[in-house]
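As a plain string of letters, each chain reads:
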Amino acid sequence: MNEIDQATPQTDELDGVAEGDDDTDGAAETNGVGETEKAGRKHGRSFIYLSLEDADKAARKIDEHERRMTKKSFAQALGHRQPVGRFKHKLSALESYGLIKIDGDNVLLTDLAVDMLYGPTEQARTRARATAFLSYDLFKETFVQCPKNQDHQMSYVEDFVRVTLKIVNDGATFLRRFLESALFAGLLEGEPNPKAQVIRLRPAVAAPANDGSAPETTTKSPGEQWVIVAPNDIGSLLDGLGLTAYQDRCDVSQRAAGEIAINMADGKITVEVRRPVRVAIKVTNILADVTEILKALQSKGFKA
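Residues numbered from 1 in each chain as written. Predicted model: local features only at pLDDT ≥ 70, side-chain atom pairs only at ≥ 80, totals over all residues. Heavy atoms only, no water.

Enquirer: Help me understand the environment of Gln153, please; the structure alone is not making it clear to me.
Expert: Tracing the backbone shows Gln153 in strand E6 (residues 151–153). By relative accessible area, which is 34% here, Gln153 ends up partly exposed. Counting along the chain gives 44 residues from Gln153 to Gln197, while the straight-line C-alpha distance between them is 6.0 Å. In this view, Gln153 contacts Gln197 and Val198; residues no more than four positions away in its chain are not counted. (Helix = DSSP H or I, 4+ residues; strand = E, 2+ residues; numbered from the N terminus. Buried < 20%, exposed > 50% of the residue type's maximum accessible area, 1.4 Å probe, protein only. Contact = heavy atoms within 4.5 Å.)

Structure follows, in structure tokens:
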């Protein structure tokens, strides 16, 4: 996943107003931050240049039917004379959300972008926005560390951003983009105020196994939905399945609820929980991968 430098105060326009001649702003800036400004700052981790809503507006500049555009034409559509400087940061942000691919001198919309912008139902578009939000690794790491459907102290989030993510230069800007993007993705209740005392996030529902291509005729109950697994829990879960080797190219989700069995014996109450886990692995060679995956699962005692 691409990481790009944080923006200076956001004066970027996506509504067709030119940002001025930035053909040479790469010489005046290093990755979006001026040298003079950088010299006076603590070293810290960089982060994404656009909120998800701004990325949505930018992606809509690409032709809906052809789903592609040259870099130069796309830059001009975003108010840049040439595909340099801040345009490159915007391009990287769109890649980080999984909304575009670069093919030589062309910018192509991904299937995820098409679903997010032009999906057949509001549910499909909302799910695609949540997927794009979680495609950016730093947003995902922050999101999964927050409890869902309950108030969470903003101070805890600020500490996580500063200490764990090591974003020390402008944590307030990161939090603002995180909250604005979460709201746009339908994952935040209330207003995206980085100065609020508490925030309340909603659980992210994982995409269905068929990638949402089937018609949506019914709404699943919360217990039937799949939710993403926190990064800190993924390693041990995959180890138990024998799939640790695939950690860098898989998404792990778990049913929001499952089945239970309660046994009472010898003065003890035993609660047995059966909660399915789903591991979606990005394949490189489908035949070779499926053989190795089956072998790994069988080594842990699982049967196909």
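Enquirer: Honestly, unusual backbone geometry in this entry has me stumped. Any pointers?
Expert: Glycine aside, residues mostly have negative phi angles, and peptide bonds mostly take the trans form. The phi dihedral of Lys166 is positive, around 65 degrees, even though this residue is not glycine. With respect to the helices, strands and loops of the structure, Lys166 is situated in the loop between helix H9 (154–164) and helix H10 (171–184). In this structure, Asp266 takes a positive phi of about 55 degrees despite not being glycine.

Enquirer: Can you help me understand the pattern of salt bridges in this one?
Expert: Proximity of charged atoms lets side chains of opposite charge pair with each other. For the coordinates displayed, the defined rule picks out 10 salt bridges. One salt bridge connects Glu189 with Arg200, and the closest N-O pair in it is separated by 3.9 Å. Taken as a pair, Glu189 in strand E7 (residues 188–189) and Arg200 in strand E8 (residues 198–201) lie far apart in primary sequence, 11 residues in all. Taking the relative accessible area as the measure of exposure, Glu189 reaches 31% and is therefore partly exposed. Across the pair Asp289 and Arg249 runs a salt bridge, and its minimum N-O distance is 3.3 Å. Remark: Arg249 occurs in the loop between helix H11 (231–241) and strand E10 (250–255) and Asp289 occurs in helix H12 (residues 286–299); sequence separation between them is 40 residues. If you follow the salt bridges from partner to partner, you end up with Asp151, Glu189, Arg200 and Arg202 in one network. (Salt bridge = Lys/Arg side-chain N within 4 Å of Asp/Glu carboxyl O.)

Enquirer: Looking at this structure, I do not really get the pairing of strand E12 (residues 268–274). What am I missing?
Expert: Every regular strand shows the same layout, with side chains that alternate between the two sheet faces. Two elements, strand E11 (residues 259–265) and E12, share seven bridges in a ladder whose sense is antiparallel. Residue pairing across strands places Ala261 opposite Glu272, the latter belonging to E12. Hairpin remark: E11 followed by E12, antiparallel, with two residues in the connecting loop; positive phi at Asp266, about 55 degrees. (Pairing = 2+ DSSP bridges.)

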